[in-house]
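# Geometric and topological summary
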Amino acid sequence: MNFFYMKKAKIQLFIFFFCFIASQTFLFAQNNVSITIKQNNISVIEALQAIEKQSKMFVAYNESQLKSQKNLDLNIDNQPIENVLTQILAGTGFSYQLKDNYIVIVPERQASTQKRITGTITDENNEPVIGANILEKGTTNGTITDMDGNFTLSVENNSVLHISYIGYLTQEINTAGRNTFNIVLKEDLKTLEELVVIGYGTVRRGDITTAVSSVSLKDLDERPITSAAQAIQGKAAGVNVYQPSGAPGGEMVIRVRGTTSFNGSNEPLYVVDGIPVDNLNFLSPMDIADMQILKDASSAAIYGSRAANGVVLITTKQASAGAKIAANVQFGTSRVSNPIQSLNAAQYKALIDEIRPGTVPEGTIDQTDWFKEVYGTGITQNYQLQVSDGNDKLHYFVSGGYLDEKGILSSAFFRRFNLRSNVESQVRKWLRFGLNLSYSDNTSNNVTTGQGSNRGGVVLAVVNLPTAATIRNEETGLYNRLFFGQNITNPIEEIENGKNNKNNENRLIASGNTTITFIPELVLKTSFTLDRRNGKETGFTPPSHGADRDDWGTAWDNRTMNTLLVFDNVLTYKKTFAEKHNFEGMGGTSWTDSKWSRSYINGSHFKDGHIQTLNAANKIAWDNTGSQASEWAIMSGFGRFSYNYDSRYLFTFNMRGDGSSKLHPDHRWGYFPSFSGAWRLSSEDFMKGLAWVDDLKVRGGWGQTGNQSGVGDYAYLQRYTISREPWFETGKANALPRINPENLRTADLTWETTSQTNIGLDATLLKNRITIGMDYYYKHTADMLMYVTVPTGSAEIPSIVRNEGVMTNRGFEFSVNSHNMTGAFIWDTDFNISFNRNNLKSLELQKIYKAAQTTDAFHQTLVVRNQPGRPLGGFWGYISDGVDPETGELMYRDLNEDGRISPSDQTYIGDPNPLFTYGLTNAFSYKGFRLNIFIQGSQGNDIFNASKGDTQGMFDLKNQSVEVLRRWRTPGQITDVPKAGFNLQPSTYFVEDGSYLRVKDITLSYSFKGTLLERAGISRLQPYVTANNLLTFTKYKGMDPEVNQWGNNGAVQGIDWGTYPHSKTFVFGVNLEF
Amino acid sequence: MKTKYILSILFACLLASCSLDYDPVGIYSDVTEGVETDSVRIAFKDKAAVLSHRQTLLNLFKNGQEHWYVDMLLLSESHSDNAYAGAPNAETTPFEVNSIEGSNTNMKRDWNGHMANIAHANRMIVNIDKVPDPSLTEAERIQYKAEAKILRAMIYFDMVRIWGNVPLITTIAGDITSETIAEVYPAYFPPQTDALTIYTQIEEDLLEGLQYAPNNNPEDKAQFSKSVARALLAKVYAEKPLRDYDKVIKYADELAADGFALVDDFSDLFEVVLTDPNLPPSQQNPAIEAKARNTKESIFEAQFFPGNTNWATWMFGRKLDDWTFYFTWAKWITPSRDLIRAFNSEQGDKRYDQTVVFYECEWSIYYPMNNYAFMYKCRSAYNSIIKMRYADILLLKAEALIQKGDYGGAAQIINQTRRRAGLSNLPASASASKESILNAYLKERRLELALEGQRWFDLVRLDKVEEVMNAVFDKDEGRPAQVYPYTSLSYLLPIPQDVMDQNPNLVQNPGY
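Residues numbered from 1 in each chain as written. Chains lettered and ligands numbered in written order. Predicted model: local features only at pLDDT ≥ 70, side-chain atom pairs only at ≥ 80, totals over all residues. Heavy atoms only, no water.

## Here we look at the overall build of chain B
Operational definition: Numbering of helices and strands runs from the N terminus, with a helix taken as a DSSP run of H or I at least four residues long and a strand as a DSSP run of E at least two residues long. For this measure, only C-alpha atoms enter the radius of gyration; the expected value for a globule follows 2.2 Å times N^0.38, where N is the number of residues. Think of it in three bands: with a 1.4 Å probe and only protein chains considered, a residue is buried below 20% of the maximum accessible area for its type, exposed above 50%, and partly exposed in between. Contacts are assigned to residue pairs with any non-hydrogen atoms lying within 4.5 Å of each other.
Looking only at helices and strands, chain B features 19 helices and 11 strands. The globule rule puts the C-alpha radius of gyration for 512 residues at 24 Å, and the 26 Å found for chain B is close to it. If one aligns the C-alpha atoms of chain B with their principal axes, the spans along those axes are about 110 × 50 × 45 Å. Within chain B, buried positions represent 62% of all 512 residues. Contacts spanning at least 24 positions in sequence make up 72% of the contacts within chain B whose residues lie at least 6 apart.

## Details of the sheet that holds strand E41 (residues 738–741) of chain A
What links the strands of a sheet is backbone hydrogen bonding, and the strands pair in either a parallel or an antiparallel sense. Convention followed: When DSSP locates at least two bridges between a pair of strands, those strands are taken to pair.
Taken together, 3 strands build an open sheet; the order of strands is E41(A)-E40(A)-E1(B) and the sheet is antiparallel. With partners counted over all chains shown, the strands left at the sheet margins are E41 of chain A together with strand E1 (28–29) of chain B, one partner each. In terms of strand pairing, strand E40 (residues 719–723) of chain A meets E41 of chain A through 4 bridges, oriented antiparallel. Each residue of the ladder has a partner; that of Thr 721 of chain A, found in E41 of chain A, is Asn 740 of chain A.

## A closer look at the packing of aromatic side chains
All names here are of chain A. We apply this condition: For Phe, Tyr and Trp, where Trp contributes only its six-membered ring, two rings pair if their centres lie within 6.5 Å, and the inter-plane angle classes them as stacked under 30 degrees, edge-to-face over 60, or tilted in between.
Tallied over the entire structure, the rule returns 50 aromatic pairs over all chains. Judged by centre distance (5.3 Å) and plane angle (90°), the ring pair of Trp 622 and Phe 728 falls under edge-to-face. A residue pair is termed long-range when its members are at least 10 positions apart, and Trp 622 in the loop between strand E35 (617–620) and strand E36 (626–645) and Phe 728 in the loop between E40 and E41 qualify at 106 residues. A residue is classified by how much of its surface remains accessible, and Phe 728, at 30% relative accessible area, is partly exposed.

## Thoughts on the sheet that holds strand E11 (residues 171–174) of chain A
All names here are of chain A. Threshold: Note on definitions: angles span 0 to 180 degrees between N-to-C directions of axes, and those axes are lines fitted to C-alpha atoms, for helices only across the stretch in contact.
The strand order across the open sheet formed by 4 strands is E8-E7-E10-E11, and the pairing between neighbours is antiparallel. Among the strands making up the open sheet, the edge pair consists of strand E8 (142–144) and E11. Averaged over neighbouring strand pairs, the angle between their axes works out to 20° when direction is ignored. Examined bridge by bridge, strand E10 (residues 160–164) and E11 share 4 bridges and lie antiparallel to one another.

## A look at the pattern of salt bridges
Quick note on the threshold: Salt bridges are counted wherever a side-chain nitrogen of Lys or Arg sits within 4 Å of a carboxyl oxygen of Asp or Glu.
Tallied over the entire structure, the rule returns 96 salt bridges over all chains. Its salt-bridge partner being Glu 354 of chain A, residue Arg 967 of chain A comes within 2.9 Å of it at the nearest N-O pair. Remark: Glu 354 of chain A occurs in helix H7 (residues 345–355) and Arg 967 of chain A occurs in the loop between helix H11 (947–951) and strand E55 (991–993); sequence separation between them is 613 residues. Owing to a relative accessible area of 1%, Arg 967 of chain A belongs among the buried residues under this scheme. For Glu 354 of chain A, a relative accessible area of 33% translates into the label partly exposed. The residue Glu 254 of chain B makes a salt bridge to Lys 250 of chain B at a minimum N-O spacing of 3.5 Å. Of this pair, Glu 254 of chain B and Lys 250 of chain B both sit in helix H11 (residues 245–257), 4 residues apart, which is roughly one turn of that helix.

## Quick notes on the interface of chain A and chain B
Here is the rule we go by: Each of two parts loses accessible area, computed with a 1.4 Å probe, when they are put together; buried area is these two losses added. Pairs of N or O atoms are called polar contacts if they sit within 3.5 Å, as long as, within protein, a hydrogen donor faces a hydrogen acceptor (for residues adjacent in sequence, only side-chain-to-side-chain pairs).
On the side of chain B, 80 residues touch chain A, which itself brings 78 residues to the contact. Summed over both partners, the interface of chain A with chain B comes to about 6,900 Å²; 58% of that surface belongs to carbon and sulfur atoms. Per-residue buried area on chain A facing chain B is highest for Ser 794, Glu 796 and Arg 900 of chain A; these three make up 11% of the total on that side. Where chain A touches chain B, the interface holds 7 salt bridges. The partner of Asp 498 of chain B in a salt bridge is Lys 850 of chain A, and the shortest N-O contact between them spans 3.7 Å. Across the chain A-chain B interface, the total number found is 22 residue pairs in polar contact (both at pLDDT 80 or more).

## Some words on the side chain of Gln 354 of chain B
With respect to the helices and strands, the residue Gln 354 of chain B is situated in helix H13 (residues 350–355). Those residues within four positions of Gln 354 of chain B in sequence are excluded, and the remaining contacts are Phe 266, Ser 267, Phe 270, Glu 271, Tyr 376, Lys 377 and Arg 379 of chain B.

## Here we look at the pairing of strand E38 (residues 669–680) of chain A
Residue and element names in this part refer to chain A. Only one face of E38 is buried: it carries Gly 670, Phe 672, Ser 674, Ser 676, Ala 678 and Arg 680, and the other face, with Trp 669, Tyr 671, Pro 673, Phe 675, Gly 677 and Trp 679, is open. In this structure, strand E37 (residues 649–660) lies alongside E38, joined through 11 bridges in antiparallel fashion. Counted as the bridge partner of Thr 652 is Ser 676 from E38. Bridge analysis of E38 against strand E39 (residues 693–707) gives 7 bridges, and the strand direction is antiparallel. Counted as the bridge partner of Phe 675 is Trp 702 from E39.

## With respect to the state of the cysteines
Residue and element names in this part refer to chain B. The following threshold applies: Count a disulfide wherever a pair of cysteine sulfur atoms falls within 2.5 Å.
The full count for this structure, using the stated rule, is 0 disulfides over all chains. Here Cys 361 stays unpaired: no disulfide links it, and the sulfur of Cys 378, its closest cysteine neighbor, is 19 Å away. Residue Cys 361 is classed as buried on the basis of its relative accessible area of 6%. Given the relative accessible area of 3%, Cys 378 is considered buried.

## Structural notes on the side chain of Lys 779 of chain A
Residues and elements named next belong to chain A. Applicable threshold: Charged residues are defined here as Lys and Arg on the positive side and Asp and Glu on the negative side; His and the ends of the chain fall outside this count.
Note that Lys 779 resides in strand E43 (residues 770–789). Despite being buried, Lys 779 has no salt bridge partner; Glu 813 is the closest side chain of opposite charge, sitting 8.8 Å away. A distance of 3.2 Å separates a polar side-chain atom of Lys 779 from the backbone oxygen of Val 256.

## Some points on unusual backbone geometry
One non-glycine residue, Asp 783 of chain A, lies in the positive phi region at around 55°. By the element assignment, Asp 783 of chain A lies in strand E43. Look at Asp 783 of chain A and you get partly exposed, because its relative accessible area is 36%. Positive phi values are uncommon outside glycine, yet Asn 98 of chain B reaches one of about 55°. On the secondary structure map, Asn 98 of chain B appears in the loop between helix H5 (93–97) and helix H6 (105–127). Of the residues examined, Asn 98 of chain B reaches a relative accessible area of 8% and is grouped as buried.

## Some thoughts on the nonpolar core
Stated formally: In plain words, nonpolar cores are sets of buried Ala, Val, Leu, Ile, Met, Phe, Trp, Tyr and Cys residues tied together by side-chain atoms within 4.5 Å.
Core analysis: the largest hydrophobic core is formed by 209 residues, its most contacted members being Phe 944 of chain A together with Ile 202 and Phe 316 of chain B. The dominant element in this core, judged by the number of residues it contributes, is helix H7 (residues 138–163) of chain B, at 14 residues. Apart from the residues lying within four places of it in its own chain, the contact partners of Ile 202 of chain B are Ala 153, Tyr 156, Phe 157, Val 160 and Val 236 of chain B. By size, the runner-up hydrophobic cluster in this structure holds 27 residues, among which are Leu 217, Leu 220, Met 252 and Leu 283 of chain A.

## A few points about the packing of helix H15 (residues 407–420) of chain B against helix H16 (residues 434–448) of chain B
All names here are of chain B. Convention followed: Between 65 and 115 degrees an angle is taken as roughly perpendicular, under 35 as roughly parallel, over 145 as roughly antiparallel, and anywhere else as oblique. In a left-handed crossing the near helix is turned counterclockwise from the far helix by less than a right angle, and in a right-handed crossing that turn is clockwise. Amino acid classes used here: Ala, Val, Leu, Ile, Met, Phe, Trp, Tyr, Cys and Pro are nonpolar; Asp, Glu, Lys and Arg are charged; the rest, including Gly, are polar.
Where H15 contacts H16, the axes come no closer than 10 Å and their chain directions differ by 25°. By the angle class used here, H15 and H16 are roughly parallel. Where H15 crosses over H16, the two elements pack in a sense that is left-handed. Each of Tyr 407, Ala 410, Ala 411, Ile 414, Thr 417, Arg 418 and Arg 420 in H15 lies in contact with H16, whose residues at this interface are Lys 434, Ile 437, Tyr 441, Glu 444 and Glu 448. In terms of residue class, the contact of H15 with H16 is built from 6 nonpolar, 1 polar and 5 charged.

## Observations concerning a nonpolar patch on the surface
Residues and elements named next belong to chain A. To keep it simple, the criterion reads: Excluding any residue in a salt bridge, patches collect residues exceeding 30% relative accessible area, merging like charges within 9 Å and nonpolar Val, Leu, Ile, Met, Phe, Trp and Tyr side chains within 5 Å. Residue exposure ignores everything except the shown protein chains as possible cover, and the areas themselves are Shrake-Rupley values with a 1.4 Å probe.
Together, Leu 394, Tyr 396, Val 398, Leu 419, Val 423, Val 427, Phe 433, Leu 435, Leu 437, Tyr 439 and Leu 508 make up an exposed nonpolar region whose accessible area comes to about 820 Å². Elements that contribute at least two residues to the nonpolar patch include exactly strand E24 (394–406), strand E25 (413–428) and strand E26 (431–445). It is E26 that provides the largest number of residues to the nonpolar patch, a total of 4 residues. Among the structural elements, Val 398 can be located in strand E24. Exposure remark for Val 398: the relative accessible area of 34% places this residue in the partly exposed category.

Now the structure itself:
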């Protein structure tokens, strides 16, 4: 027992001793007296003294304990003594005992004894609520309701019951004088009371002073969602989520309030159950209980070092008392949604005759429908099972699942086994112990996409292959690679060979934590986490020999192991003084250590395709086989102080210091302060008259966050590459490796720092029907970490990582949640919209950065140009003025009018940054039916359709899309497609409006209810169907407006180049609970 | 008590893990290589580091096949009358039709490749004297520095001939920090220097190299020897800015004194050893080695051995060591009809078969598919890439003699290469006038050094660009239409646009 408890125990002993003495001394008194006290501003002690006087009873109390109590205004006229005592002691935490002729004032919990209570919990429609939590307030004593909504519980006499159930308002009910309860839970339309997880702690939603988005997980298990990031898409204002590729397991890009870093990471920090992780692949969305996104600096700053891009806080489902089994089974099929149609054999011949006459012989006929051969039906299966049980001391939660996504391109797949468990134990009254274990095993394979069809790109090859060709050479049985003299990837061969490739990662996250409660107000939480990942990439391309090829067979085997240790200590003190002064102080330390190692083998020359491991390779690559290792660490100290008066005036201050081993020793510590405040106007008297305003709060804050991810582990040092000397050459038997500089050293490499100012408003209106949130922010990123290249010549390797520039983002975001209709027919609407303006303010060394090499038609010309004064990602090229009716050439504008189309005529031709993005969810429910329609979109962004260069470029003998049927053929012809073999340059010809509105999900579900199910012990049986990506409204002519071949890149966005397309998916699933 | 106990354990754990000093475990870095005395950083910590870097310099040519070799052929052969742009596309066709712009990405990689090599050479030149290792002798220091200077001269000689005004960099710029940035900026973002100054630097580097570089090693022509410096000096003095024909003759003669001579059999320079020497090359009869390296004619070459071969061969024709490897009609350069006609005008020229080869392929573009011409001088992955050979310098001596009026002497030299090629001596009429001997000389150089990266520079040096190149589009029916006529502004190529974007202190050459 700790010091604080000992102190308390002593006081209690003292009271009993005192009582004993008292009882010995005063033996006279009468019991049935009435008391009258009429006095304002009277202290509790004075009131008790008055009772003593009037009742002639002895009142025993501890003066020091009651001294600090608030003064009272009493107007008691001739009341029984019990009533008076109750009134005086209300809210003091003390109770009284009447014995003979003395009154003992004792701390409340000593006052009563156990009793057994029973009750029923129903909803407003008088349906039993199953699985609602009933907790004796201030204890861990609790239970849950059964099938009929009934519960029984033994509680202290005057205890308060805390009744909660997800989706319903929490109630507190005093048990004094009652033993049976019929409780009606009201649906939770008002969310201000719920606790929101913030960095290293929680806060009442109503008391939030910063910009935090909560992601509604209500319908999560009814949507065919396989990654946590998908759950965020379109659901949180200011958070732009897109899936740059439709490949199975395709990673999502999450941008919180724009792009903050040019080369550094733009990913938010993911914190799962308090553990920072770099991605969410290992997590089954079913296991998520709660997801918060910290958007502004004042909320994220507590994660200082890694919070510049926002923080996604995820709490997984935790153990709870009461046995529960839940299962979710999904089965889905997907088809490619928007195929590009190719020319048939005759159309192809006509085209090629214009480019290279006579190449395609007369009379060629259609032989292969490449689209049919390559694209298939994708199949997704997802099985998740969760079990939890426990009592007031110990509870556990276990979940396991299997996900299998097979792509529309058959060799692409993603498979995940996931297992998660957590156990919590109240070992002692003051000591709580928890263990979280998570294991996942992901295996995936992809096909080459985002490449020209001459370099393995499958998506474009499907369009580029002449339908007049066959898959295999009939004579040799080998796959064809040359088609009418044109070298085109044979996608069937590519998929066939690619089948042997696999990327596997298994990941164990084991975390133990203890919570020590010194006194109820002071809590220390310590956690230690091991995050170990083992990656294994293997691949094999079989040998193939023929007249036109000698492929000797190649194979690789790369293995990585990454071990991350995280050690966190957080001490929290939380206290309310005089009811209205709420203080919280928090201080903590965090330490993270990472060790990474990799070994890799590459080999070639296989006898055949039977054995694919590298022991069967005759040549092991002498210069591409080896092992590597690397380490880094971060150490941090942080603290928070928050105070609010009556939840009316709120203030929070955070401070964090971080040291990173990746930065230069003299500059490795960064300090990130933040503060924020809020004013609840609705608590003020002048707002009382406005009945339609339930709650109104304005918020403001400023803070700094840091970033150092994206730079290498030893970025500040000059490092050297190692080149092997060919030891097998004559005279080199004992040659040693050579080393060469790899980069320029950065002797002052330090944190990238983002300062962010945020102003926001939260309102709840019309009897909690409407909740509105809006925020304006301004982010200023200084010392931006960049991979800078300087002109070659002055240093051997002209690249340096340094704190190079300044970038700003400013924006506005707005969200509204509305309960349009309540009652039997429920209609809810959630809408959010985000505006962001990005500006690359300044750079110190090189001022112009070009990026994005796409189709061969452009010959390595980079189409993205970034320079100070502009938003990131601008497209660069010529302005095209359409097709010249006389020549059929695409006309380019001679901007500088020098009579020659040269690089000086290039300019900005498009902007991939949207004006705004939005999400709209409408949910309707009626008698167990539930219909959910989720729409999401982006407006005002341009897409660079680089695929068009390959599918409509007509520069070689590749087949083209049917769009080129409109090509110019005769002088005088007016058309928008130039002649075959036109002068092809990156230009406005390839830039399209990428705005889209997409019906992302439509889900219909039905919850069965009835006695039959109850008898079978089933509490939830809910089948559902979902259509994914059913409809897309866009002017964009490519396959999909959402894709970006550059994925999660800060500097390049909105480029579509043979990217794995999104598919239309239909999913059937069942949720089952018992 | 318990609290204290717990807290002290936590604190101890935290302290134990306190250090953020993590040194690299898998790579060499400042930690292993850094030597810092009196705040001066030293690039090489010991002799081994110097030797490692010296090997890097010796490997530059073989590791830089794009800008040292492949692109030089595009620039000198496709951009002249010797070849077509083998696989027409927006990057190579402009060389063929004279419409090169700054946006050309081959130009960019060449600029950056050459500039990076300059920095490699400078690292040795600037730092070698500061190496604190006493086992590195004074003689070694001087020698390695001399070698690096020869290398630097060789690179600048190519650059100045391609672009004219380029930045002259002879130092290694210092660390970039927020404090030093103003000071080092000019070093990292240098303006151009005029061509004459560049040439003067080249001359200075070569003269110093000549003093201290090792003598020619007949067994290893991949070294920066005195003879390499002599050959380069001969070439430098033939160029306009420092033109001095006496010196051309002098250094050509010194090379002969070094032991250089024409090999007797022209094919020794390019031929391979086949599995079965009695059968023609084929898929079943692949090449297994180069016929010869380090011939007495070779002055400087990149060498490739089984297991560590050149990759460039497939860009030109068939790899005789891997018959089907990327074999199509589409190649980097394709010999022109004009070149073939030049060979055919000299019946029996043995060099023709060593320069051009005909295969059957699957397409007709420049030639009919059943008899398609390919460049043959690089024919297997074991072939050396010869950067300079004695025939080039010997012929330069003839050029010098012509300019000095000794037409007979020039004819004698030309006859040496002609006779080796199996041709008869020039007729007496050839040396009758300067014009006739100069034409005979240019033709001889064209045939002797065809597809070796010389032709364009010969035309430029002798001011023949407009005369020859504006005529060839009519003569050669395989050549696509000319876009811009060749003018005096065509002698220099455009500064790459991306390089200009990167360094705002550069100025584009006139005409682009």
